[in-house]
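In case you want the letters, here they are:
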Amino acid sequence: MSKIVGGVSLAKIPWQERPADSSAILWRYDANPIIGWNPIPDGARAFNSAVVPFGGGFVGVFRIDHHNDMPQLHFGTSENAIDWNIQNDAIRFVSESGEPMPRSAYYYDPRVVKIEDTYYVTWCNEFIGTMSPTIGIAKTTDFKSFVQLENAFLPFNRNGVLFPRKIGGEFVMLNRPSDNGHTPFGDVYLSRSPDMTFWGKHRLVMKAGQGGWWEATKIGPGPVPIETDEGWLVIYHAVINNCNGFVYSFGSVILDLDDPSKVLARSSRYLLSPEKPYETTGFVPNVAFPCATLCDADTGRLAVYYGAADTYTALAFGNVYEIMEWTRANSSI
Ligand code: BMA
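Residues numbered from 1 in each chain as written. Predicted model: local features only at pLDDT ≥ 70, side-chain atom pairs only at ≥ 80, totals over all residues. Heavy atoms only, no water.

Which residues make up the layout of surface pockets, and what are the values?
Approximately 840 Å³ is the volume found for the largest pocket. Around the largest pocket, the lining comprises 35 residues; the ones closest to its centre are Arg63, Tyr108, Gly181, His182 and Asp310. Contributing elements (two or more residues each) for the lining of the largest pocket: β2 (43-54), β3 (57-66), β6 (107-115), β10 (157-162), β16 (231-242) and β17 (245-255). Looking at the lining of the largest pocket, the element that brings in the most residues is β17, giving four residues. Taken together, 30 residues make up the lining of the second largest pocket; nearest its centre are Gly6, Gly7, Val8, Lys114 and Pro164. For the lining of the second largest pocket, the secondary structure elements donating two or more residues are β2, β6, β15 (226-228) and β19 (288-295). Of all the elements, β19 adds the most residues to the lining of the second largest pocket, at five residues. Of the residues in the lining of the second largest pocket, the class split is 21 nonpolar, three polar and six charged. (1 Å grid on protein atoms, 1.4 Å probe; cavity = no way out; pocket = protein on both sides within 12 Å on 5 of 7 lines; lining within 4 Å. Points joined across faces, edges and corners; volume = space filled by probe spheres on them. Helix = DSSP H or I, 4+ residues; strand = E, 2+ residues; numbered from the N terminus. Nonpolar A, V, L, I, M, F, W, Y, C, P; charged D, E, K, R; others polar.)

Could you give an account of the nonpolar core, with specific residues and numbers?
In this structure, Trp84, Leu294 and Tyr305 are the most contacted members of the largest nonpolar core, which totals 38 residues. The set of elements that each furnish at least two residues to this core consists of β2, β3, β4 (71-78), β6, β7 (118-127), β19, β20 (301-308) and β21 (312-319). A total of five residues in this core trace back to one element, the largest contributor, which is β3. Ignoring anything within four residues of it in the chain, the contact list for Leu294 reads Leu10, Ile13, Pro14, Val51, Val52, Pro53, Phe58, Ala81, Arg301, Leu302, Ala303 and Tyr305. Ile25, Leu302, Val320 and Met324 belong to the second largest nonpolar core, which has 27 residues in total. (Core = buried A, V, L, I, M, F, W, Y, C linked by side-chain atoms within 4.5 Å. Buried < 20%, exposed > 50% of the residue type's maximum accessible area, 1.4 Å probe, protein only. Contact = heavy atoms within 4.5 Å.)

So what about the state of the cysteines? Which residues, and what values?
As used here, a disulfide is simply a covalent bond connecting the sulfur atoms of two cysteines. In the structure shown here, the tally under the stated rule is zero disulfides. In this model Cys124 remains outside any disulfide bridge; the closest cysteine sulfur is found in Cys291, 11 Å from its own. As a non-bridged cysteine, Cys295 has Cys291 as the owner of its nearest cysteine sulfur, 17 Å distant. (Disulfide = S-S within 2.5 Å.)

Before we move on, can you summarise the site of the ligand with the specific residues and values?
Taken together, Asn48, Arg63, Tyr108, Asp109, Arg158, Tyr248, Val284, Val287, Phe289 and Asp310 make up all the residues around the ligand. Between the ligand and the protein, one listed contact pairs an oxygen atom with a side-chain N or O atom of Arg63 at 2.7 Å. Separating an oxygen atom of the ligand from a side-chain N or O atom of Asp109 is a distance of 2.7 Å. Considered on its own, the ligand offers 300 Å² of accessible surface; in the complex 86% of this is hidden by protein. At a threshold of 2 Å from the grid points, most atoms of the ligand map onto the largest pocket. Taken together, the residues of the shell around the ligand sort by class into five nonpolar, one polar and four charged. (Near = heavy atom within 4 Å. Polar contact = N/O pair within 3.5 Å; in protein donor to acceptor, adjacent residues only side chain to side chain. Areas by Shrake-Rupley, 256 points an atom, 1.4 Å probe, with all protein chains shown as cover. Sits in = over half its atoms within 2 Å of the grid points.)

Mind laying out the pattern of salt bridges, listing which residues take part and the relevant values?
With the rule as written, the count across this model stands at 17 salt bridges. In this structure, Arg45 and Asp65 form a salt bridge, with 3.3 Å as the shortest nitrogen-oxygen distance. In this pair, Arg45 is assigned in strand β2 and Asp65 in strand β3, connecting sequence segments 20 residues apart. Taking relative accessible area as the criterion, Arg45 reaches 3% and is therefore assigned buried. The partner of Arg192 in a salt bridge is Asp259, and the shortest N-O contact between them spans 3.4 Å. With Arg192 in strand β12 (residues 188-193) and Asp259 in the loop between β17 and β18 (263-266), this residue pair connects regions lying 67 residues apart in the sequence. Taken together, the shared-partner salt bridges in this structure form one network comprising Arg45, Arg63, Asp65, Asp69 and Asp109. (Salt bridge = Lys/Arg side-chain N within 4 Å of Asp/Glu carboxyl O.)

Printed below as a string of structure tokens:
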């Protein structure tokens, strides 16, 4: 049995037991969605967002699409990680010297990770002046001041997901090179940096389609990897293109601890795929897009935060140990 490494005890994790009549490996919160339409005066939809434990409670960086459909990042707080108090004003990033940074046209799909004593936010950022996506990075220690660093990559890239510790003395980021618009392809790569500024030593981690049609069109890293003594557990999103367009599900992969460009096991089936009305109906139907987890290292309990239909924020529950076992038992490699 695997063991979570470097995690935190999180007795306050949102939790529901698996329904008695279910054998699902991930099961949905029965009060989903936890955030609905028009969550703040300036914003229409909050989804694909990131939450972390902080200061005895929880904080989040939320993707909120405004009434012009342009996404911004908003800070929020919660006592229970279910009921969120989200600020109406978008996060204003500052430079290392405290000056306001130039505004990008869009900011979306944030991830938040704690590395040593600093929290890093990564997101899909406009490479200013190009309307093309790259990975933005900011750091904070107090969630009041967010210091924006250099973009990680040239266009085009989406889904920058940092590992929660340095590996071999370097920061490591999963990412998904792409093109502009509704990219019809995508594989997962890994890049390393000695200083969170210069990124290189790029490696292919995995290509779309290995496990079947559900992930045939494109894949991308989801929440921050979870360290266990048997490898990094990574939840990834995966897309099929059918007669009605893209359908976004998510699956799991286990990466080597010392060299996470090596895949040890990869699910040949999805963990969760759009089924419920809040997943199949909304601004973009048929999207389940995970960007964060909370994990209790004592029990392995896992709460997965995912955007539903590019409209809602939803929660699903599972157990890290079960998902590790299930990934290996259903591996496509
Ligand atoms: C992707 C991203 C996600 C979004 C998904 C479905 O390309 O833009 O933010 O959830 O498409 O629209």
